[in-house]
Amino acid sequence: MIPGPGEFPYTRGIYHDMYRNRLWTMRQYAGFGTAAESNRRYLYLLSQGTTGLSIAFDLPTQMGFDSDHPMASGEVGRVGVAISSLADMEVLFREIPLQNVSTSMTINSTAAILLAYYALVAERQGADRRKLAGTIQNDILKEYIARGTYIYPPHPAMRIVTDIFAWAGREMPEWNTISISGYHIREAGSTATQELAFTFANAIAYIEAAIQAGLPVDSFAPRLSFFFNSHNDFLEEIAKFRAARRIYARLMRDRFGARDERSQMLRFHVQTAGSTLTAQQPDVNIVRTALQAMAAVLGGAQSLHTNSRDEALALPTEESARIALRTQQIVAYESGVPNTADPVGGSEYIEALTDTLERGVMEYLKKIDDLGGTLPAIENGYIRNEIQNAAYQYQRETEAGERIVVGMNKFQQEEERTVPTFRLDPELERAQIESLRQVRASRSPTSVAEKLAALEIAARSGSNLMPPILDAARAYATVGEIADRLRAVFGEYREGGI
């Protein structure tokens, strides 16, 4: 008898009723310009039926630079919202009651700082920190593999991750303390098998680090979450999500001895594949996104973001973001798919493909174990080389016409319709820098200096970093000031050496 939905190893879903009891959380990843501009977009999305927020931060915020740092010039608010201090975070969530909304924050190197700001904003709203729901990405290993927005070397960076695990386990027990991301691995060009394998290799490294830091596995594992890509091969993607649940359940039970069933359940957010969207015939991207969204739902996702049609051209317009959200709502309320758990379960092809993906992932995990684990596999370039080889093969097939991309290498249209795109006001960068200047002028320099000194002492002593980061954040210390104090202790990572 094949175990059903809600039964170990959860191949058919982690809950017995799946979406019949509760739909997935509908998120729309958004953020640009200043906190005030992004706040207006969030209020709009909530008014249109979004059931959870998903925050994009700009590159300076991701890399621990304030908006007035020379390295931030020209990048402020470009690919996400600029957050330099608690004051920005207060504006970002103005009129949004945090105790009533689930928030996902895509932030890694500076995750501890942004989580501190979020907790303080909720506190000032009168919310109970222990009831806050949401996720912080906090997945630094994939930055070394696929993205590059790292600050510190891997070992101190892993310490920050496990400090968040320990602190949030006590202070924010409903919060997901990490979203271990395969999404960016897939966007970098990996195959579906590699996406799962390298994501789980990273997960193993985080779990081992937390256990070595003295945390019992069942004390933090129920709050681990994952972030996957939904790509173009419709049936392979469905099977990928089913295989992922089964691999993770067995990994947690058999390798790590997790006994709490919540520790064995893979909970994941899905974003449709940005790398599959084309600048040519952008309206066709709506169809791609719809199929990818349906694959995520048939695969049993807990949370979903659907990309907008114009993302190969610019940040999404309000209209494009609304169409992307409506895509989810049609799947949810008109397709009938949520009326049964795992509708594809028992399909001969789906079951065989699920098994094939699982075998491929386990072969990769054995190889990484043989190399000494994830950090050595990152250090010697093994994981990155595997992704680059897969990306090269995909690109070669596309350029040769062996892999058809509608509108790009086949079915082209000579006269393309001009699509209205989002334009970021260049004045927003100056406004953000002026706002930051006012924050610095209005706070207590003595208090900031004291709190930053206490943070440095904690970093050198090995004590948990979250309490002193919270104290510094409360005094309106900036992202850059806090990150710089940690840089002084931990140093910075340079590719090619740890």
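Residues numbered from 1 in each chain as written. Predicted model: local features only at pLDDT ≥ 70, side-chain atom pairs only at ≥ 80, totals over all residues. Heavy atoms only, no water.

(A) Up close: the overall build of the protein. The secondary structure content of the protein amounts to 20 helices and nine strands. Against the compact-globule benchmark of 23 Å for 498 residues, the protein has a radius of gyration of 22 Å, which places it among compact chains. In terms of overall dimensions, the protein has a C-alpha envelope of 70 × 55 × 45 Å along the principal axes. For the protein, the residues scored as buried account for 58% of the 498 residues in total. Of the contacts made within the protein by residues no fewer than 6 positions apart, 78% connect residues no fewer than 24 positions apart. Total accessible area on the protein is roughly 19,900 Å²; 50% of this is exposed by carbon and sulfur atoms. Within the protein, one finds 51 positive and 60 negative side-chain charges whose respective centroids are separated by 3 Å. (Helix = DSSP H or I, 4+ residues; strand = E, 2+ residues; numbered from the N terminus. Rg over C-alpha atoms; globule rule 2.2 N^0.38 Å. Buried < 20%, exposed > 50% of the residue type's maximum accessible area, 1.4 Å probe, protein only. Contact = heavy atoms within 4.5 Å. Areas by Shrake-Rupley, 256 points an atom, 1.4 Å probe, with all protein chains shown as cover. Lys, Arg positive; Asp, Glu negative; His and termini not counted. Charge placed at Lys NZ, Arg CZ, Asp CG, Glu CD.)

(B) Highlighting the packing of aromatic side chains. Going through the model one piece at a time under the given rule, you end up with 20 aromatic pairs. Aromatic side chains Phe241 and Phe268 sit 5.3 Å apart centroid to centroid with 20 degrees between the ring planes, which places their arrangement in the stacked category. Taken together, the residues Phe241 in helix H10 (residues 234–255) and Phe268 in strand S8 (residues 268–272) connect sequence positions 27 residues apart. An identical accessibility class is assigned to Phe241 and Phe268; each is buried. (Phe/Tyr/Trp six-rings, centres within 6.5 Å; stacked < 30°, edge-to-face > 60°.)

(C) Representation of the packing of helix H8 (residues 192–212) against H10 within the structure. In contact at an axis separation of 11 Å, H8 and H10 are set at 25 degrees when each is read in the N-to-C sense. Classified by the angle their axes make, H8 and H10 are roughly parallel. At the point where H8 passes H10, the crossing takes the right-handed sense. In this structure, H8 uses Ala192, Glu195, Leu196, Phe200, Ile204, Ile207 and Glu208 to contact H10, whose residues at the interface are Glu236, Glu237, Lys240, Ala243, Ala244, Ile247, Tyr248, Leu251, Met252 and Arg255. For the contact of H8 with H10, the per-class residue count stands at eleven nonpolar, no polar and six charged. (Axes fitted to C-alpha atoms, helices over the stretch in contact; angles between N-to-C directions. Parallel < 35°, antiparallel > 145°, perpendicular 65-115°, else oblique. Left-handed = near helix turned anticlockwise from the far one by under 90°. Nonpolar A, V, L, I, M, F, W, Y, C, P; charged D, E, K, R; others polar.)

(D) Region of interest: the side chain of Ser320. Considering the arrangement of structural elements, one finds Ser320 in helix H13 (residues 318–333). You can call Ser320 buried: its relative accessible area is 1%. A polar atom in the side chain of Ser320 sits 2.9 Å from the side chain of Asp310. (Polar contact = N/O pair within 3.5 Å; in protein donor to acceptor, adjacent residues only side chain to side chain.)

(E) Focus on the nonpolar core. If you look at the biggest cluster of nonpolar residues, it comprises 79 residues, and the most contacted ones within it are Phe200, Phe226, Phe228 and Ile383. Here the element with the most residues in this core is H8; it accounts for 13 residues. Excluding anything up to four places from it in sequence, Ile383 contacts Ile145, Phe198, Ile368, Thr374, Ala377 and Ile378. With 61 residues, the next largest nonpolar core counts Tyr118, Met172, Ala321 and Ala458 among its residues. (Core = buried A, V, L, I, M, F, W, Y, C linked by side-chain atoms within 4.5 Å.)

(F) The packing of H10 against helix H12 (residues 284–298), seen in detail. In contact at an axis separation of 8 Å, H10 and H12 are set at 30 degrees when each is read in the N-to-C sense. With respect to each other, H10 and H12 are oriented roughly parallel. The handedness of the crossing between H10 and H12 is right-handed. Every residue of H12 that contacts H10 at Phe234, Glu237, Ile238 and Phe241 is listed here: Leu291, Met294, Ala295, Ala296 and Leu298.

(G) Main features of the pattern of salt bridges. Summed over all chains, the structure comprises 40 salt bridges. Of the charged contacts, one joins Glu492 and Arg487 as a salt bridge, the two residues approaching to 3.2 Å between their closest N and O atoms. What you see here is one network of salt bridges that share partners, running through Asp66, Asp68, Arg440, Arg443 and Glu481. (Salt bridge = Lys/Arg side-chain N within 4 Å of Asp/Glu carboxyl O.)

(H) Main features of the pairing of strand S2 (residues 52–56). With five of its five residues buried, S2 lies for the most part within the structure. Side chains Gly52, Ser54 and Ala56 project from S2 onto one buried face, and the interleaved Leu53 and Ile55 project onto a second face that is buried too. As defined by bridge partners, strand S1 (residues 25–30) adjoins S2 across four bridges and the pair is classed as parallel. Paired with Tyr29 across the bridge in S2 is Ser54. Remark: the S1/helix H1 (residues 35–47)/S2 crossover connection has right-handed handedness. For S2 and strand S3 (residues 102–106), the ladder comprises five bridges, and the chain directions are parallel. Looking across to S3, one finds that Ala56 is bridged to Thr106. (Pairing = 2+ DSSP bridges. Right-handed = clockwise from strand over helix to strand, strands pointing away.)

(I) Summary view of the environment of Ala72. Residue position: Ala72 is located in the loop between helix H2 (59–62) and helix H3 (86–92). Taking relative accessible area as the criterion, Ala72 reaches 0% and is therefore assigned buried. Taking the C-alpha atoms as reference points, Ala72 and Thr61, separated by eleven residues in sequence, lie 8.8 Å from one another.

(J) View of a nonpolar patch on the surface. Together, Ile404, Val406 and Phe411 give the surface a local cluster of nonpolar side chains, amounting to about 280 Å² of exposed area. Given a relative accessible area of 35%, Val406 falls into the partly exposed group. (Patch = residues over 30% accessible without salt bridge, like charges linked within 9 Å, V, L, I, M, F, W, Y side chains within 5 Å.)

(K) Broad picture of the side chain of Ser190. Checked against the element boundaries, Ser190 lands in the loop between helix H7 (183–187) and H8. There is a polar contact of 3.3 Å between the side chain of Ser190 and the backbone oxygen of Ile185. Contact partners of Ser190, with chain neighbours within four places excluded, come to Ile185, Glu195, Ile387 and Ala390.

(L) Looking closely at the environment of Met172. Along the polypeptide, Met172 turns up in the loop between helix H6 (154–171) and strand S5 (175–176). When its relative accessible area of 0% is taken as the criterion, Met172 is described as buried. Separated by 39 residues in the primary sequence, Met172 and Ala133 place their C-alpha atoms 8.4 Å from one another.

(M) A look at the sheet that holds strand S4 (residues 134–136). Spatially, the nine strands line up as an open sheet ordered S5-S4-S3-S2-S1-S9-S8-S7-S6, and their pairing is parallel. Each having just a single partner strand, S5 and strand S6 (178–181) make up the two edges of the open sheet. This element, H1, spans S1 and S2 of the sheet and lies at about 150 degrees to S2.

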